[in-house]
Each structure stands twice: as C-alpha cells, then as structure tokens.
Amino acid sequence: MAGTHVLFVEDDDVIREATQLALERVGFVVTAMPDGLSGLEAFRAERPQIALLDVMVPGLDGVSLCRRIRDESTVPVIMLSARADSIDVVLGLEAGADDYVTKPFDGAVLVARIRAVLRRFGHAGGPAAGEGNAQDGPAVCGMLAFGDVEIDTEGMEVRRAGEPVALTPTEMRLLLEFSAAPGTVLSRDRLLERVWDYGWGGDTRVVDVHVQRLRTKIGQDRIDTVRGFGYKLRA
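In this text the structure is predicted, and so the values were computed from the model without any measurement.

Engineer: Tell me what's going on with the overall build of the chain, and back it up with residues and numbers.
Structural biologist: Across its full length, the chain holds eight helices and 11 strands. Of the accessible surface of the chain, which amounts to about 10400 Å², a share of 51% is contributed by carbon and sulfur atoms.

Engineer: For the packing of helix H6 (residues 169-179) against helix H7 (residues 188-195), give the residues involved together with the corresponding values.
Structural biologist: The geometry of H6 relative to H7 is characterised by a closest axis approach of 10 Å and an angle of 125° between their N-to-C directions. Between H6 and H7, the angle falls in the class oblique. Crossing hand, H6 versus H7: right-handed. Residue-level inspection shows Thr170, Arg173, Leu174, Glu177 and Phe178 of H6 in contact with H7, the latter providing Arg190, Leu191, Arg194 and Val195. Grouping the constituent residues of the contact of H6 with H7 by class yields four nonpolar, one polar and four charged.

Engineer: Give me the lowdown on helix H2 (residues 36-46), citing residues and values where you can.
Structural biologist: Every buried residue of H2 is accounted for by Gly36, Ser38, Gly39, Leu40, Ala42 and Phe43. Buried residues along H2 sit in contact with strand E1 (5-9), strand E2 (29-33) and helix H3 (62-72). Measuring from the backbone nitrogen of Leu37 back to the side-chain oxygen at the start of H2 gives 3.2 Å, which picks out Asp35 as the cap. Arg47 sits one or two positions beyond H2 and adopts a positive phi of about 45°.

Engineer: A description of the nonpolar core should follow, citing residues and the corresponding values.
Structural biologist: Counting 48 residues, the largest nonpolar core has Leu53, Met79 and Phe178 as the members making the most contacts within it. Here this core gets six residues from one element, more than from any other, and that element is helix H8 (residues 205-218).

Engineer: So what's going on with the sheet that holds strand E9 (residues 163-165)? Which residues, and what values?
Structural biologist: Note on sheets: strands pair through backbone hydrogen bonds, and any given pair is parallel or antiparallel. In space, the four strands of this open sheet follow the order E6-E7-E8-E9, with antiparallel pairing throughout. If you trace the sheet from one side to the other, it starts and ends with strand E6 (143-146) and E9, each paired once. Ignoring which end each strand starts from, the neighbouring axes of this sheet average 25° apart. Across three bridges, strand E8 (residues 157-160) lies against E9 in antiparallel orientation. Paired with Arg159 across the bridge in E9 is Pro164. Running at roughly 105° to strand E7 (residues 149-152), H6 makes contact with E6, E7 and E8 of the sheet.

Engineer: So what's going on with the pattern of salt bridges? Which residues, and what values?
Structural biologist: One pass over the structure, following the stated rule, counts 15 salt bridges. Two residues, Arg113 and Asp99, come together in a salt bridge whose shortest N-O distance is 3.2 Å. Taken as a pair, Arg113 in helix H5 (residues 107-120) and Asp99 in strand E5 (residues 99-102) lie far apart in primary sequence, 14 residues in all. Residues Arg113 and Asp99 agree in their burial class; the two are buried. Of the charged contacts in the structure, one is a salt bridge between Glu171 and Lys217, with a shortest N-O distance of 2.7 Å. Separated by 46 residues along the polypeptide, Glu171 in helix H6 and Lys217 in helix H8 bring together distant segments of the chain. Looking at Lys217, the relative accessible area reads 27%, which means it is partly exposed. Ionic contacts of the salt-bridge type, sharing partners, join the residues Glu10, Asp54 and Lys103 into one network.

Engineer: Account for the sheet that holds E5, with residues named and values stated.
Structural biologist: The parallel open sheet is built from five strands, whose spatial order is E2-E1-E3-E4-E5. Each of the sheet's edge strands pairs with one partner strand only, and the pair in question is E2 and E5. Put simply, the sheet's adjacent strands are angled 20° from each other on average, direction ignored. Two strands pair when backbone bridges link them, and strand E3 (residues 50-54) and strand E4 (residues 77-81) are joined in this way by four bridges, in the parallel orientation. Note on E4: the bridge partner recorded for Ala51 is Val77. Those strands touched by helix H1 (residues 13-25) are E1, E2 and E3, and its axis lies near 170° from that of E2. Against the sheet, H2 touches E1 and E2, its axis set at about 165° to E1.

Engineer: Describe the pairing of E8, with residues and values.
Structural biologist: Regular strands place side chains that alternate from one sheet face to the opposite one. As defined by bridge partners, E7 adjoins E8 across four bridges and the pair is classed as antiparallel. What sits directly across from Val149, in E8, is Arg160. Between E7 and E8, which pair antiparallel in sequence order, lie four residues; one of them, Met156, sits at a positive phi of approximately 55°. Linking two consecutive strands that pair antiparallel, namely E8 and E9, is a turn of two residues; a positive phi of about 55° is found at Ala161 within it.

About the cut-offs
- Residues numbered from 1 in each chain as written.
- Predicted model: local features only at pLDDT ≥ 70, side-chain atom pairs only at ≥ 80, totals over all residues.
- Heavy atoms only, no water.
- Helix = DSSP H or I, 4+ residues; strand = E, 2+ residues; numbered from the N terminus.
- Areas by Shrake-Rupley, 256 points an atom, 1.4 Å probe, with all protein chains shown as cover.
- Axes fitted to C-alpha atoms, helices over the stretch in contact; angles between N-to-C directions.
- Parallel < 35°, antiparallel > 145°, perpendicular 65-115°, else oblique.
- Left-handed = near helix turned anticlockwise from the far one by under 90°.
- Contact = heavy atoms within 4.5 Å.
- Nonpolar A, V, L, I, M, F, W, Y, C, P; charged D, E, K, R; others polar.
- Buried < 20%, exposed > 50% of the residue type's maximum accessible area, 1.4 Å probe, protein only.
- Polar contact = N/O pair within 3.5 Å; in protein donor to acceptor, adjacent residues only side chain to side chain.
- Core = buried A, V, L, I, M, F, W, Y, C linked by side-chain atoms within 4.5 Å.
- Pairing = 2+ DSSP bridges.
- Salt bridge = Lys/Arg side-chain N within 4 Å of Asp/Glu carboxyl O.

Structure representation (structure tokens):
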C-alpha cells in the first residue's frame, strides 16, 4: 500500500492540503490538483493507481473528468461530494466511478475506503480479480457460459455473442460473484461485502448503479431484479 500513487482533484485549498497531508502520512504518494483540466493532464502524464475526484471542481467537473478517465483507463475512481444527493451519487457512479465518499469525511474513513478499493483491484499485493478467497471474492475457474455471454475467469475476459466486452475491475468482480451462484438471489448487502469489501453498512445505490452498468454490457435480460431481496444471474 505504501507508495501507491493517488491523483486528488479538489478545488478547496484547505481540504486539498489537509487531505494530501493525511494521505501522505500513511504512505500514499499524492498528486493534488485544483481543477478538472489540470487533473486530466496529471492523470495522462503520471498514470496514478487511483483517482479521488471532487464532484464540484471548476473547468471540468468531477463527473466529466471521471468519464474522460474511464474512456482511457480502468483505474479505480472514488468520487467526493459535499452532498449526499441521489443525483450527485448516481451521476458519479454512472460516469464510471467505483465508489463515493460524502464530505465532510474523516481521514481514517477515506483511507479505509481507498484501501478497500485497492484491495479489490489487486494493488499492493492484494488478490487480483477472480483469484478470490473467503473474503475477497468467489473461486470461479475456467470458461463459463450464460446465454450468449462467455466468461473466461482465468484470462479475465468476457465475450457477448463472440464480441469482447470491456468491463472495469469492479464490474468484473460483480459478474464473477453472480456467476459463482447462477440462479441464486444475492442481496445488496452481500454484494457490498463481497465486491466492495465493505465490512460495514454501505449505500446500496452503489450496487444498483453497477448492476445497471453491467446489464448494459452483457444484456438487460441476464440479471434479474428480485424485489425486496436483491439480484440473480439468469442461469
């Protein structure tokens, strides 16, 4: 975890400097930028291992910046928002963010969320997506097929009707979790724990938006909603 390169985009000088110091204190290498355009330039020049993006930054807002990053990379993205409004949260997640944190935040909580994201992305010696153990994900091996969707769990590749499907690591882990138990209803809380590595209660909107993103890529009819319980992969 020490030495992990973080891109932090925040226009508030006090928050930017305090958060940078807090992250550097626990061993992160931080590039801090005050606006979206300079953040995009820094991302392209330095290729950080994770990006923290405030939603409301000048020049290029955080949601737009997230989309630009996602067009070029699967690097994990955490959105930061001063409001917990559904619109802010959903827009950030739909843009490709993997998680979000509401401001004001406790430094220890932010560090924990960053570490959780990095673990599931396989950074800092953590398991890569698909390697899985009792806590980090399902042990699924080989080639799996569900309708016209094929999953190579060793090569970490997905095809639909023979065409490659580009998934982010979070989307891949979500799909692997479903494919480990096809036809079984998985609750949002279980998915938060298994895919997002939440050892505490989390916002289930993170699950809902990622399921919807996954549906758009592998087919709307492949994942069923079981109202009041969760989701299941159609076997």
